[in-house]
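What follows is each chain in one-letter form.
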Amino acid sequence: MTVSTLLADLQLLTPELLLSVGAMALLLIGVYTKGEAKAAQRIMTLATALLILAAGVSVWMAQSPGGTAFHGAFVLDSFSMYAKTAVYLAGAVALVLAGHYLRAEQLARFEYPVLVTLAVTGMSVMVSANDLITLYLGLELQSLALYVLAAFNRDSLRASEAGLKYFVLGALSSGLLLYGSSLVYGFSGSTAFDAIAIAAAEGGQNMGLLFGLVFVIAGLAFKVSAAPFHMWTPDVYEGAPTPVAAFFATAPKLAAMVLLARVLMEPFGPMTEQWQQVTMVMAVLSMAFGSFGALMQSNIKRLMGYSSIGNMGYVLVGLSAGTALGLWSVLFYMTLYVIGVAGAFAVILSMRRSEGMVERIDDLAGLSQTRPALAWSMTALMFSIGGMPFMIGFFGKLFVFYAAVQAGLIWLVILAVLFSTVSIAYYLRVIKVIWFDEPNGDFLPAPAGPAIVSRLAALVAVSMPVVGVIIALVVNAGAGIGG
């Protein structure tokens, strides 16, 4: 490798290098300043958010989208550029949401923004992976940071349990992924996606390659909370600090789903008929466990955990189509889902009672009378995540279902619509508590920090119907042109 080649490769890795160097610099600053002053913590959080946004800007400054680095192990194409931008934005928003909560709960330590930055770096590598080794490096960099974040509240037994459970099950998923990767390497002779695709096309019904594919899917399914690898999600969401749960529900989900889509569509594209059966089973199980599991929840974070499982099922419906349209619908759905979930957690983080942060659904009783702006925001967000018409979540489901119908998976779409109808029940339950139950206590006045978060939630909520109408007009115009 010549110097010019190395420099060209490093240029494609500008966002990752910026995040890595920035994380190390923040770590050193935190260590030498001890990160104790509140002003210093706020500055570090703001600096980290700006660092992540700067990485997002650097993605679009690349001179050659579609280029590869390090002998094809790393790819920068339009797919990864879009995913990176969405991940960076979600990471920056998660940092903004966390600020006041961490200070109020005496958890504001300089390690938090550093860990978020390292996790985002791992996600950035994941979505650009073009080799099984690169895939694993990015996945583990993300996972190791997330394990620590789950147990960030060291004085909480629930948080420690959540971190331990996430770590143990995460290690299991990594083992499945590595075993599957070793089988794929053994039967294809390479870890590069392009070479694996050639082997898959030539191998036909190669059972060894097929077994490797199944294990790889199982390892990645854990990261997206797809059933039957979903068991960690509700417990970790409940036990982890609320802003950590908000982070888990947004950027990592998006990055992992993009990675799963890339793995299935590129190296294993010639084996679509084989992996399609696996993704369809996972889609049905995820929708079933997510819909019925959420009906029995009393904790709002556990409910969001089960909601996440169900929504990943809908995404898998689009992925099961195995077409370019299905891939586009996956990206579209995940983007809209991340927006809605970020807004919902912003509402949750905006409310605090004298005994602590709001976590039970019953704590939202009478919110329409005590905090009407937040009540309207949460209502719009629940309608959107649930896929109600004219909200942006509805259009996400519409395009996912359309892609599946175009691929002939009508039975799967029918099941998805039925499960979606069931899921509306628990979203309506939250709305009923907000609007029709009597208040059981007053919320504490919102200082400057939560006020900013609540305004962010209101902004996201207002965009739900507005963006939905815009999308409807665009789709209608596109249909007219196509006709």
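Residues numbered from 1 in each chain as written. Predicted model: local features only at pLDDT ≥ 70, side-chain atom pairs only at ≥ 80, totals over all residues. Heavy atoms only, no water.

So, about the overall build of the protein chain. Along its length, the protein chain carries 20 helices and 4 strands. Long-range pairs, those at least 24 residues apart, make up 81% of the contacts in the protein chain with a sequence separation of at least 6. Total accessible area computed for the protein chain in this model is approximately 18900 Å², and 70% of it derives from carbon and sulfur atoms. (Helix = DSSP H or I, 4+ residues; strand = E, 2+ residues; numbered from the N terminus. Contact = heavy atoms within 4.5 Å. Areas by Shrake-Rupley, 256 points an atom, 1.4 Å probe, with all protein chains shown as cover.)

In the segment running from Ala227 into Pro228, the intervening peptide bond is cis, with an omega of 5°. In this structure, Phe70 is a non-glycine residue whose phi angle is positive, near 55°. Tracing the sequence through the fold places Phe70 in the loop between strand 1 (67-69) and strand 2 (74-76). Taking relative accessible area as the criterion, Phe70 reaches 30% and is therefore assigned partly exposed. Within the chain, Ser225 stands out as a residue other than glycine whose phi angle is a positive 65°. (Buried < 20%, exposed > 50% of the residue type's maximum accessible area, 1.4 Å probe, protein only.)

Moving on, we get to the pattern of salt bridges. Considering all chains together, one arrives at 8 salt bridges under this definition. Close ionic contact of Arg302 with Asp235 constitutes a salt bridge, the shortest N to O distance being 2.7 Å. Of this pair, Arg302 sits in helix 14 (residues 300-320) while Asp235 sits in helix 10 (residues 233-239), and the two are 67 residues apart along the sequence. Residue class for Arg302 comes out buried when judged on its relative accessible area of 16%. Its relative accessible area of 26% is what places Asp235 among the partly exposed residues. A salt bridge links Arg360 to Asp362; the shortest N-O distance between them is 4.0 Å. Overlapping salt bridges bring together Arg158, Lys165, Asp235, Glu238 and Arg302 as one network. (Salt bridge = Lys/Arg side-chain N within 4 Å of Asp/Glu carboxyl O.)

Okay, the packing of aromatic side chains next. In this structure the tally under the stated criterion is 16 aromatic pairs. With a centroid separation of 4.9 Å and 85° between ring planes, the pair formed by Tyr179 and Phe215 is classed as edge-to-face. Of this pair, Tyr179 sits in helix 7 (residues 157-188) while Phe215 is found in helix 9 (residues 207-223), placing the two residues 36 residues apart along the sequence. On the basis of relative accessible area, Phe215 is assigned to the partly exposed category, the value being 25%. These aromatic residues form a ring-pair network of at least three members: Tyr147, Tyr166, Phe167, Phe222, Trp232 and Phe248. For the cation-ring pair, Arg109 lies above Phe152, with the distance from its terminal atom to the ring centre recorded as 4.7 Å. Sitting above the plane of the Tyr314 ring, Lys397 keeps its charged end 4.3 Å from the centroid. (Phe/Tyr/Trp six-rings, centres within 6.5 Å; stacked < 30°, edge-to-face > 60°. Lys NZ or Arg CZ within 6 Å of the ring centre and 35° of its normal.)

Taken together, the side chains of Met24, Leu27, Leu28, Val31 and Tyr32 define a hydrophobic patch exposed on the protein surface, amounting to about 520 Å² of accessible area. Tracing the backbone shows Leu27 in helix 2 (residues 14-33). (Patch = residues over 30% accessible without salt bridge, like charges linked within 9 Å, V, L, I, M, F, W, Y side chains within 5 Å.)

In this structure, Val417 sits in helix 19 (residues 410-436). Measuring from C-alpha to C-alpha, the distance between Val417 and Met287 comes to 9.9 Å, with 130 residues separating the pair along the chain.

Our focus in this paragraph is the environment of Gln11. Relative to the helices and strands, Gln11 is located in helix 1 (residues 3-12). You can call Gln11 partly exposed: its relative accessible area is 35%.

Turning our attention to helix 9. When the terminal C-alpha atoms of helix 9 are compared, their 25 Å separation across 17 residues agrees well with the 24 Å that a helix rising 1.5 Å per residue should span. Burial runs high along helix 9: 13 of the 17 residues are buried. After helix 9 finishes, the residue Ser225 shows a positive phi value of roughly 65°. (Expected span 1.5 Å × (residues − 1).)

Turning to the packing of helix 4 (residues 78-104) against helix 5 (residues 111-127), a few remarks are in order. Two numbers describe a pair of packed helices, the interaxial angle and the distance between the axes. Where helix 4 meets helix 5, the closest approach of the two axes is 10 Å, and the angle between their N-to-C directions is 165°. It follows from the interaxial angle that helix 4 and helix 5 lie roughly antiparallel. Pair helix 4 / helix 5 crosses with right-handed handedness. In this structure, helix 4 uses Ser80, Ala83, Lys84, Val87, Tyr88, Gly91, Leu95, Ala98 and Leu102 to contact helix 5, whose residues at the interface are Tyr112, Pro113, Val116, Val120, Met123, Ser124 and Val127. When its residues are assigned to classes, the contact of helix 4 with helix 5 shows 12 nonpolar, 3 polar and 1 charged. (Axes fitted to C-alpha atoms, helices over the stretch in contact; angles between N-to-C directions. Parallel < 35°, antiparallel > 145°, perpendicular 65-115°, else oblique. Left-handed = near helix turned anticlockwise from the far one by under 90°. Nonpolar A, V, L, I, M, F, W, Y, C, P; charged D, E, K, R; others polar.)

Once that is clear, we can look at the environment of Leu213. By secondary structure assignment, the location of Leu213 is in helix 9. Residue classification places Leu213 among the buried positions, given a relative accessible area of 1%. When the C-alpha atoms of Leu213 and Leu264 are compared, they prove to be 8.7 Å apart, with 51 residues separating the residues in sequence. Ignoring sequence-local partners within four residues, the contact set of Leu213 consists of Val184, Leu264, Phe268, Met271 and Trp275.

Secondary-structure assignment places Ser80 in helix 4. If sequence neighbours within four positions are ignored, Ser80 has contacts with Val75, Val127, Ser128 and Arg262.

Attention shifts here to the packing of helix 4 against helix 15 (residues 324-349). Where helix 4 meets helix 15, the axes come as close as 11 Å, and the angle between the chain directions of the two elements is 5°. For the element pair helix 4 / helix 15, the angle class is roughly parallel. Note on element contacts: helix 15 touches helix 4 through Leu327, Leu331, Thr335, Val338, Ala342, Ala346 and Leu349, opposite Phe79, Tyr82, Ala90, Leu97 and Tyr101. Among the residues making up the contact of helix 4 with helix 15, the classes are represented as 11 nonpolar, 1 polar and no charged.

Fine structural detail should not be taken from predicted coordinates in areas where pLDDT scores are low. For the protein chain, per-residue confidence averages 82 on the pLDDT scale, and 87% of positions sit at 70 or higher. Within the protein chain, no element has a lower average pLDDT than helix 20 (residues 448-482), which sits at 51, and none a higher one than helix 6 (residues 132-150), at 92. Note on residues 474-483: pLDDT under 50 across the span, and 1 contact to partners over four residues away in sequence or across chains. (pLDDT = per-residue confidence, 0-100.)

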